[in-house]
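Structural overview for review
The primary structure of each chain is shown beneath.
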Amino acid sequence: MRTAILILGIGLFIIGPAAKIYHLDHANSYMIASGLGLVMITVLAFIKKK
């Protein structure tokens, strides 16, 4: 489960800048999703594995 959340977070983190580069519609929404992905990655970094 932890790996799936990490992969999802990385995917969201990459989507935002890619949307800006390719001038996709609603690129600002993708940037918000990118911020959410960054938060997910950061949270997983600070939560210890059991």
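Refer to the preceding data block for the structure.
Below: a short report on this structure. All values derive from a computational prediction rather than experimental measurement. (Residues numbered from 1 in each chain as written. Predicted model: local features only at pLDDT ≥ 70, side-chain atom pairs only at ≥ 80, totals over all residues. Heavy atoms only, no water.)

Remarks on the environment of N28
Structurally, N28 can be placed in helix α2 (residues 27-46). Placed 17 residues apart in sequence, N28 and G11 show a C-alpha to C-alpha distance of 16 Å. (Helix = DSSP H or I, 4+ residues; strand = E, 2+ residues; numbered from the N terminus.)

Points about the environment of V39
Relative to the elements of secondary structure, V39 occurs in helix α2. Taking the C-alpha atoms as reference, V39 lies 9.2 Å from F13; in sequence the two are 26 residues apart.

Overview of α2
Between its terminal C-alpha atoms α2 stretches 29 Å, which fits the 28 Å expected from 20 residues at 1.5 Å a residue. For α2, the full list of buried residues reads A27, S34, G37, M40 and L44. Buried positions in α2, seen along its axis, are confined to an arc of 115° and lie on one side of it. Looking at α2, the residues exposed on the side facing more than 90 degrees away from the buried face are N28, I32 and F46. In the core, the buried residues of α2 are packed alongside α1 (2-21). (Expected span 1.5 Å × (residues − 1). Buried < 20%, exposed > 50% of the residue type's maximum accessible area, 1.4 Å probe, protein only. Arc of directions from axis to C-beta. Contact = heavy atoms within 4.5 Å.)

Some thoughts on a nonpolar patch on the surface
The grouping of L6, I10, F13, I14 and L38 at the surface amounts to a nonpolar patch, some 420 Å² of accessible area in total. When residues in the nonpolar patch are grouped by element, the largest group, four residues, is from α1. Along the chain, the position of F13 falls in helix α1. Judged by relative accessible area, which is 37%, F13 ranks as partly exposed. (Patch = residues over 30% accessible without salt bridge, like charges linked within 9 Å, V, L, I, M, F, W, Y side chains within 5 Å. Areas by Shrake-Rupley, 256 points an atom, 1.4 Å probe, with all protein chains shown as cover. Salt bridge = Lys/Arg side-chain N within 4 Å of Asp/Glu carboxyl O.)

By themselves these figures say nothing about function.
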